[in-house]
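What the coordinates show
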Amino acid sequence: MHRRVGWLNVHAALVFAFLYLPIIVLIVYSFNGEGVGGFPPHDWTLRWYRLLEEDDALWSSVWNSALVAFAAVILSILFGLPAALALDRTQFPGKAIFRRLVLLPLILPGIITGLSLLTLFVTAGMKLSLITVAIGHGTALISVAVTEISAGLQKFDRQQEEASRDLGAGEWYTFRRVTLPNLKLSLAAAALLIFTLSMDEIAVSFFLVGRENTLPIEIWSRLRRGITPEINAVSTLIFVFSLLTIVLWYKLRRSAPHE
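What comes next concerns the included structure. The structure presented is a predicted model; accordingly, all values stated were derived computationally and were not measured.

Rules behind the numbers
Residues numbered from 1 in each chain as written. Predicted model: local features only at pLDDT ≥ 70, side-chain atom pairs only at ≥ 80, totals over all residues. Heavy atoms only, no water. Helix = DSSP H or I, 4+ residues; strand = E, 2+ residues; numbered from the N terminus. Buried < 20%, exposed > 50% of the residue type's maximum accessible area, 1.4 Å probe, protein only. Contact = heavy atoms within 4.5 Å. Areas by Shrake-Rupley, 256 points an atom, 1.4 Å probe, with all protein chains shown as cover. Lys, Arg positive; Asp, Glu negative; His and termini not counted. Charge placed at Lys NZ, Arg CZ, Asp CG, Glu CD. Patch = residues over 30% accessible without salt bridge, like charges linked within 9 Å, V, L, I, M, F, W, Y side chains within 5 Å. Salt bridge = Lys/Arg side-chain N within 4 Å of Asp/Glu carboxyl O. Expected span 1.5 Å × (residues − 1). Arc of directions from axis to C-beta. Axes fitted to C-alpha atoms, helices over the stretch in contact; angles between N-to-C directions. Parallel < 35°, antiparallel > 145°, perpendicular 65-115°, else oblique. Left-handed = near helix turned anticlockwise from the far one by under 90°. Nonpolar A, V, L, I, M, F, W, Y, C, P; charged D, E, K, R; others polar. 1 Å grid on protein atoms, 1.4 Å probe; cavity = no way out; pocket = protein on both sides within 12 Å on 5 of 7 lines; lining within 4 Å. Points joined across faces, edges and corners; volume = space filled by probe spheres on them. Core = buried A, V, L, I, M, F, W, Y, C linked by side-chain atoms within 4.5 Å.

**Looking at the overall build of the protein chain**
In terms of helices and strands, the protein chain carries 13 helices and zero strands. Reading the helices (α) and strands (β) of the protein chain from amino to carboxyl end gives α-α-α-α-α-α-α-α-α-α-α-α-α. Its C-alpha atoms give the protein chain principal-axis dimensions of about 70 × 65 × 30 Å. Counting over 259 residues, the protein chain shows a buried share of 39%. Taking the intrachain contacts of the protein chain between residues at least 6 apart in sequence as the baseline, contacts between residues at least 24 apart amount to 71%. When the accessible surface of the protein chain is split by element, carbon and sulfur atoms take 68% of a total near 15900 Å². For the protein chain, the distance from the average position of its 22 positive side-chain charges to the average position of its 19 negative side-chain charges is 7 Å.

Take a look at the structure:
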């Protein structure tokens, strides 16, 4: 038994090393005085972060990604909330098919989503811009909103809504004052997860971006000319931001009431 536990620990350590060792190397080299060359790293410095602070093009792409992510959050929740309510509260013909179609973008390759949306926008005569990128992200991430909100609805005590209706409140008033407040943790968790996924999305953005780059596209375009220490620095900041967001999302999920 002790030998099995030992092997399990070794196996777990190898799995985590395989997953996170490249990220650790990237973070270490963002402080390396010789940039991406030389091993082991030495001459520790913050020079690359100072250069990053002066890189207007890179910070402009960060701002573009943030705008797109905020828009994607709004679009995904705006369409995901009614879809989750329909799946949880109503019975209608084709409900099983509707559920699978709503969740399909969650497993559909981003290149397929991006290419199909590009075809749609070109057919409609829309000019590619940050607006098309936001629509693409919002479309691809609706399934995330539906999944998170549906989980919150399954834990929701419907008797509160019934009590509100028995006391004379209308459907819209009950929705605003009872249903939405009880879903605030699920909505916040969905928003955090969608924002993080949108900030890191590159497959859909690649097909829909116009003249203004998002951060992943800006990084990808620079990597074609070679890895630079600034890329390591901004990637480290993205990792820290994503990690903090995911931890906050996890805490919100844990703090949600359980049945």
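Back to the text.
**Some points on a nonpolar patch on the surface**
A surface patch of nonpolar side chains, about 810 Å² in accessible area, is lined by Val15, Phe16, Phe18, Leu19, Tyr20, Leu21, Ile24 and Val25. Positionally, Phe18 belongs in helix H1 (residues 2-29).

**Quick word on helix H5 (residues 110-124)**
An α-helical segment advances 3.6 residues per turn. Residues three or four places apart therefore align on the same side. Between its first and last C-alpha, H5 extends 21 Å over 15 residues, near the 21 Å set by a 1.5 Å rise per residue. Among all positions in H5, only Thr113, Gly114, Leu117 and Phe121 are buried. Down the axis of H5, the buried set is contained in an arc of 95°. They therefore lie on one face. In H5, the exposed residues that point more than 90 degrees away from the buried face are Val122 and Thr123. Elements that come into contact with the buried residues of H5 comprise helix H6 (130-140) and helix H11 (203-208). One or two positions beyond H5, positive phi appears at Gly125, with a value near 75°.

**A look at the environment of Glu162**
Tracing the chain through its elements places Glu162 in helix H8 (residues 159-166). Residues Glu162 and Ile112, spaced 50 residues apart in sequence, show a C-alpha to C-alpha distance of 43 Å.

**Examining the packing of helix H7 (residues 142-155) against helix H10 (residues 184-200)**
Viewed as axis vectors pointing N to C, H7 and H10 meet at an angle of 160°, and their least axial separation amounts to 9 Å. On the basis of their axis angle, the class for H7 and H10 is roughly antiparallel. Crossing geometry of H7 relative to H10 is assigned as right-handed. Touching Val144, Ala145, Glu148, Ile149 and Gly152 of H7 are Ser186, Leu187, Ala189, Ala190, Leu193, Ile194 and Leu197, all from H10. Its residues assigned to classes, the contact of H7 with H10 comprises nine nonpolar, two polar and one charged.

**Some words on the layout of surface pockets**
Volume-wise, the largest pocket comes out at about 270 Å³. Lining the largest pocket are Leu85, Arg89, Arg158, Glu161, Glu162, Arg165, Glu171, Trp172, Thr174, Phe175 and Thr179. Looking at the lining of the largest pocket, the elements with two or more residues in it are helix H3 (56-89), H8 and helix H9 (171-182). Looking at the lining of the largest pocket element by element, the count peaks at five residues for H9. Here the lining of the largest pocket is built from residues that sort into three nonpolar, two polar and six charged.

**Topic: the pattern of salt bridges**
Between side chains of opposite charge, pairing is possible as soon as their charged atoms come close. Tallying each qualifying case throughout the model produces two salt bridges. One salt bridge in this structure joins Asp55 and Arg222, with 2.6 Å as the shortest N-O distance. Pair noted here: Asp55 is in the loop between helix H2 (47-53) and H3 and Arg222 is in helix H12 (residues 215-223), with a separation of 167 residues, a long-range link. Like Arg222, Asp55 is buried. Where Glu218 meets Arg222, a salt bridge forms, and the shortest distance between an N and an O atom there is 2.9 Å. You can see Glu218 and its partner Arg222 sitting in helix H12, four residues apart, about one turn around the helix. Judged on exposure class, the residue Glu218 and its partner Arg222 are both buried.

**Details of the nonpolar core**
Core analysis: the biggest nonpolar cluster contains 22 residues, and Leu81, Ile149, Leu153, Leu183 and Ile194 have the highest contact counts within it. Of all the secondary-structure elements, those providing two or more residues to this core are H3, H7, H10 and helix H13 (229-255). If you tally residues by element for this core, the top one is H3, at seven residues. The contacts of Leu153, once residues within four sequence positions are left out, are Ala84, Leu85, Asp88, Arg89 and Leu183.

Function-wise, these values are silent; they only describe arrangement.
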